[in-house]
Every structure is written in C-alpha cells, then in structure tokens.
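Residues per chain are reported as follows:
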Amino acid sequence: MGNAKLDRASTEQMAVPPAGAYDKGASAGDAGLDGLAGAADLDDFSQDAFDPLADEGFDPDEDVDFPVADGSNLQLAETKSRLSAQAAAECPENNDRPAAERIQELFREMGKRRRTLLGILDYCRTMRPVLEVADHITELKKYDRSVYSPTDFCSLLQRAGAIERVDADGNHYVEESLEPEVAMVDGVQYLEPRTPAPAYWRTTEDGIAALDADDPVAATRALFEEDGSYLPIYRRVLTMCARPGGATARDLSRAIDGDPLVQSPRLYSSHFVERLNVSEALAWGDRVWVITDAGREALEALADVDDPASDEIAAGIMAGEE
Amino acid sequence: MMVDDTNQETTGAAGRVSANDTDDAIDQLAVLCDRRAATYGLLARLFRVEVDQPLLDELHARRYPTGTGDDDVDEGYRLIATYLSNADERSVTELAVDFARVFIGDGVDSYAAAFPFESVYTSEKRLKMQAARDEVLAIYHAYGLTKDDAWDENEDHIAPELEFMQVLCARTADALRHGDENKAVSLLRTQRNFLDDHLTAWVPMLVHDMGRFAHTDFYRGLALLVNGTLRQDAVFVAGVLLGAGTESGE
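Keep in mind it's a predicted model, so treat the numbers as computed, not measured. (Residues numbered from 1 in each chain as written. Chains lettered and ligands numbered in written order. Predicted model: local features only at pLDDT ≥ 70, side-chain atom pairs only at ≥ 80, totals over all residues.)

**A word on the nonpolar core**
Grouped burial of nonpolar side chains is what soluble globular proteins tend to show. Grouped together as the largest cluster of nonpolar side chains are 68 residues, with contacts concentrated most on B:Ile80, B:Val102 and B:Met210. Listed by contribution, the elements that provide at least two residues to this core are α1 (20–48), α3 (71–85), α4 (91–103), α5 (118–122), α6 (131–142), α7 (158–177), α8 (181–213) and α9 (217–243) of chain B. Not counting the four nearest positions on each side in its chain, B:Met210 is found in contact with B:Val102, B:Ala114, B:Tyr219 and B:Ala223. Formed by 21 residues, the second largest nonpolar core is a distinct cluster that contains A:Val237, A:Met240, A:Leu282 and A:Trp289. (Core = buried A, V, L, I, M, F, W, Y, C linked by C-beta atoms within 7 Å. Buried ≥ 20, exposed ≤ 12 C-beta atoms within 10 Å, placed from the backbone. Helix = DSSP H or I, 4+ residues; strand = E, 2+ residues; numbered from the N terminus. Contact = placed C-beta atoms within 7 Å.)

Written out as structure tokens, the structure is:
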C-alpha cells in the first residue's frame with residue numbers, strides 16, 4: 001500500500017481507470033456538445049410543451065451511476081488538450097500579422113486599460129529591468145484596478161510586438177534551460193537553484209510608433225463628433241471634473257442621470273465618464289474623477305455648447321478661485 | 001489551518017533515563033522530529049495555496065538534498081530545484097495557473113483534476129465530505145486541534161492532514177526534550193496509525209493524478225516528493241517504535 005515507485009515515466013504509462021458499466025464509447029460530454037451543435041433553431045422551442053417537473057419515471061431508490069464518473073472523460077480531455085495546444089502552436093495567425101496591427105487590436109480590445117498600456121510603453125522607451133517594470137505597472141494600476149497582473153500586461157504587449165525582452169546588452173533575450181548547481185556542504189551533496197541572467201523590457205519601434213501616435217485630444221474630438229447630441233452632457237461632466245478635488249461618481253450621477261437628454265435612450269453618467277476616460281480626457285484619482293490636460297482642451301472646445309448647469313458650475317469654480 | 005486548543009505544558013522529569021548515550025539518542029530523535037515537522041510544514045504549505053513571491057524567493061534560496069535513499073524524494077527535489085533554477089518574474093503566475101490546473105481543474109466531473117481530498121480517493125463516487133473527512137475530523141479533535149475558520153476547505157484536504165503530522169512531530173520533539181518518553185511513544189504511534197490509515201492510503205493515488213495534470217516541474221516534483229516522503233517517514237516511525245522497546249511497535 002503506497003509503496004509502488006511512481007516515477008514520471010511509469011506515471012504516464014499507467015492505465016486510465018477502467019471504464020464503468022456506462023461507457024458509451026464517446027463521452028457523455030462529447031455527445032452533448034455534438035447534440036447542441038446540430039440543435040434546432042430557438043424558434044422551434046415551444047415553452048408550453050416543456051414541463052420541467054414532469055415525471056420521467058425517476059426511481060429515487062435506483063442505484064444510478066453517472067456516466068461521467070468512469071474516468072473515460074479524463075483521457076479524452078487530455079487528448080483534446082494536447083490537440084488544441086498543438087493546433088494553437090501550428091496556427092500562424094498571431095505571429096504573422098504585422099506588429100502595428102496586433103498592437104492596434106490590443107489597444108482596441110483593452111480600451112479600458114489604455115492608460116496603463118501606454119504608461120508601460122512610455123516607461124520602457126529605455127530598457128528597464130523586468131522587476132522594475134513590474135513595480136511601475138503596480139503603481140500605474142493604483143487607480144486603474146485590473147485583474148491583469150504586471151506579468152500579464154507585459155506578456156500581452158510582448159505578444160503584440162509592442163515590447164521585447166532583452167538581455168543586459170540590449171540583445172534579444174535567449175531563454176536557457178538551467179540545471180541546478182551541485183554543492184558540497186560538510187561533505188554532503190546538495191542541489192542549489194541557479195539564477196537566470198537578468199532580463200529587461202524595451203519598447204519596440206512599433207510600440208514607440210503606437211505611443212507617439214496616441215493623441216487624446218484627437219480621440220476626444222472624435223468622440224464629440226460621434227456623440228454630438230450629448231455635447232451638453234460631456235461639457236457638464238468635464239466642468240465638474242475640472243473643479244478642485246474633481247468629482248465623485250455620486251456627484252456626476254446626481255448631475256447627469258435626471259437630465260432629459262439621457263432618458264431615451266436611457267443612459268447614465270457612467271456611460272459618458274467611461275468614454276471620456278478611454279479617450280483620456282478624464283482620469284480616476286483617489287476616489288474621484290479629475291480632468292486631464294487633454295480634457296481641458298476638450299472643455300475649451302465645448303465652451304459654446306449651451307448648458308446652464310455647466311455655466312453655473314463654472315461660475316462656482318471661478319468664484320472659488322477668486 | 002490548524003488551531004491548537006490544548007494547553008501544552010511540561011510533564012516533568014518522569015521516566016527520564018540517565019545514561020548519556022541514551023540522552024544523546026533522545027536528543028537526536030528530537031532533532032529529527034523537528035526536521036520532520038519542518039518538512040511536513042513545507043509540504044502542507046505547498047498544497048494549501050499557490051506559491052507567492054516571498055515563498056518562491058525562500059525556496060530559491062534553499063539547498064535541496066540528493067541521495068536521500070528514496071528515488072521519488074531525490075527526483076522530486078531535483079525537479080523542484082530545476083524549476084527554481086529557471087524561475088523569473090513570470091513564475092508566480094505560471095505556478096498559480098498550474099496549481100489551478102492540477103487541483104481545481106476546469107471540468108465538471110470528479111476526474112477533472114487531482115482533487116486533494118481523501119474522501120475523493122476513498123469514496124466510491126469520488127465525492128467530498130465522506131467518511132474519511134469525519135474520521136480525520138474526530139482525530140484532530142481528539143488532539144485538541146480544529147480547523148481555522150479562515151480556511152474554507154474540508155478537513156481531509158491533504159494540507160491539514162500534513163499539518164496534523166507537523167503538529168504531532170513538533171509535540172513529539174517537545175515531549176522528548178522534556179523527558180516524557182511515554183508521551184513521545186504515544187505520539188509516534190498516532191503518527192504511524194495516521195500514516196497507515198490515512199495519508200499513505202490515498203496520497204499515492206493523488207500523486208498519480210498530479211502527474212497527469214501538472215505542466216510544471218515544480219508540481220510534478222511536489223507529487224514525487226510527498227509520495228517519497230510519506231513512504232520514508234512511515235518506515236522511519238515504524239523503526240523508531242520497534243526500537244522503543246515493544247516487539248511489534250504496539
């Protein structure tokens with residue numbers, strides 16, 4: 001009991017637990033997926049014909065073995081995993097596309113993390129040790145919380161071709177497979193883990209191009225052109241966030257959510273705040289939204305937009321300054 | 001995970017043997033029990049939750065023995081040391097992913113991962129919260145131990161079972177140093193029984209599954225290491241009890 005030698009080779013060769021009485025060849029999960037793939041259109045479903053409580057002849061005393069519990073799925077899942085990994089490795093789509101295209105796609109898909117991504121690219125204009133980059137990203141994320149770790153951000157940017165991993169000499173970093181060092185201590189042999197050569201992150205030329213092409217003012221202008229009917233709302237949001245101390249989400253909600261302009265279609269302050277955030281006209285600070293330099297330029301461009309509420313807020317700001 | 005509800009006090013010098021050689025042997029045994037406690041503590045930590053950066057740094061700074069006498073232990077340490085030799089700032093995430101892959105899985109049935117619960121491997125339908133859990137819970141309570149409320153998993157998770165061994169080893173060392181050999185023998189018997197009745201009864205099956213799911217050398221190495229360590233320790237405890245003066249170790 002518990003005495004069999006379980007080295008890695010023998011582990012891989014050990015048989016999968018034998019199939020139970022309900023081995024149907026293909027797994028129940030597979031049959032289910034195939035069934036769904038060929039399912040009828042949703043329109044064919046009749047709610048009236050389906051009774052979830054109908055007696056299907058279930059016998060509570062019957063000893064039922066669930067077909068999935070025979071271990072056959074385990075082997076199938078492993079096979080699928082190997083095949084999908086193999087297919088992914090052979091798929092050329094990601095690495096064959098130009099870096100500029102991949103970077104653009106990354107910024108499009110992670111629009112809400114744009115500020116962090118740009119901050120990383122800017123920080124790595126000169127090569128930086130990977131741990132310093134991680135610390136910097138942690139700081140960037142301070143008011144821009146994300147489930148992505150610093151490592152995730154770097155991995156995404158590297159995959160997009162926006163940053164590259166280099167060695168101390170600035171050359172492409174070669175990943176080596178190191179073996180632990182053998183050490184003798186008081187006549188006893190030990191293994192001591194080695195430390196890989198230091199690595200650095202550096203923004204690529206494509207990354208710098210994307211960074212230099214970032215134009216928050218133009219992005220905000222484009223936003224206003226697209227959302228022209230809501231310019232008074234945007235002016236009000238920017239005006240409130242230009243106040244000393246910025247504006248809380250609650251303040252913005254009170255000022256915006258009851259406005260007739262946002263009743264149909266129904267929109268809330270968060271919609272406008274987020275769009276301004278993505279275009280970098282606003283930034284989230286210590287529990288408040290504050291205006292950025294690009295936001296101030298955008299606010300100037302909206303000076304002639306008719307919004308009495310904004311006028312009142314602006315007057316209050318000026319009175320406070322005096 | 002374990003909360004010690006007992007008030008452990010010294011029991012005086014009853015039963016202390018006076019011969020210097022025997023004193024040295026008892027001291028050495030106490031040191032060995034401390035080392036066993038440390039090993040069980042480390043294993044429990046590695047199974048409890050993912051490796052974080054401070055732990056990774058600590059592991060990287062350690063030395064790992066070779067030629068321990070058990071092939072699984074040697075290979076386990078070698079794999080772990082090799083992984084650590086190639087660890088970088090991405091390793092914490094990589095290990096967290098592998099931890100989830102090995103112990104949590106992404107499927108819907110009981111074969112989707114190496115679920116580290118004794119009940120899963122000792123119940124007919126691989127379910128949690130079965131007889132094994134009730135048994136170990138009773139054992140923990142008998143020794144004044146309860147599960148920490150901050151930890152949500154069941155008591156028959158491998159981590160608290162290893163931690164239970166850690167506590168017993170530490171108490172054994174303490175008993176030896178205070179001259180209470182009877183207590184030390186009693187604790188060693190408990191360790192032997194717990195290894196035989198619980199840990200070595202199911203962990204080899206867990207280890208087999210870990211080998212199927214783990215992608216990193218770290219968790220492959222951990223699987224071999226825990227298997228070999230339990231095997232070695234069972235032999236060690238049995239040997240100590242035989243040498244304690246009873247013919248069958250009872």
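Further notes follow.
**Quick word on the domain arrangement of chain A**
Residue and element names in this part refer to chain A. According to the domain assignment, chain A consists of domain 1 (99–213) and domain 2 (216–321). Averaged C-alpha coordinates put domain 1 and domain 2 at centres separated by 35 Å. Listed per partner, the contact involves six residues of domain 1 and four residues of domain 2. (Domains from an automatic or database assignment.)

**Observations regarding unusual backbone geometry**
Residues A:Ser264 and A:Pro265 are joined by a peptide bond in cis, for which omega reads -5 degrees. With phi around 70 degrees, A:Glu280 is a residue other than glycine that occupies positive phi space. Within the element layout of this structure, A:Glu280 appears in the loop between α13 (269–278) and β6 (282–284). For A:Glu280, a count of 21 C-beta atoms within 10 Å translates into the label buried. A positive phi angle, close to 55 degrees, is found at B:Met129, a residue other than glycine. Within the secondary structure, B:Met129 is located in the loop between α5 and α6. B:Met129 sits in the partly exposed class, given 14 other C-beta atoms within 10 Å.

**Here we look at the confidence of the model for chain A**
All names here are of chain A. Averaged over every residue, the pLDDT of chain A is 77; the share at 70 or more is 70%. For residues 1–47, every residue scores under 50 in pLDDT, and the model assigns this stretch 52 contacts once sequence neighbours within four places are set aside. Predicted confidence is poor over residues 63–93, with pLDDT under 50, and the contacts of this stretch with residues over four places away or in other chains come to 36 contacts. (pLDDT = per-residue confidence, 0-100.)

**With respect to the sheet that holds strand β3 (residues 181–185) of chain A**
Backbone hydrogen bonds are what pair the strands of a sheet, in a parallel or an antiparallel way. With antiparallel pairing, the three strands of this open sheet are ordered in space as β3(A)-β4(A)-β2(B). The open sheet has two free edges, formed respectively by β3 of chain A together with β2 (64–65) of chain B, since each of these has just one partner strand. Here β3(A) pairs with strand β4 (residues 188–192) of chain A via five bridges, running antiparallel. Looking across to β4(A), one finds that A:Val182 is bridged to A:Leu191. (Pairing = 2+ DSSP bridges.)

**Quick word on the pairing of β3(A)**
Little of β3(A) is tucked away, with zero of its five residues classed as buried. Counting the residues in the hairpin turn of β3(A) and β4(A) gives two residues, including A:Asp186, whose phi is positive at 55 degrees.

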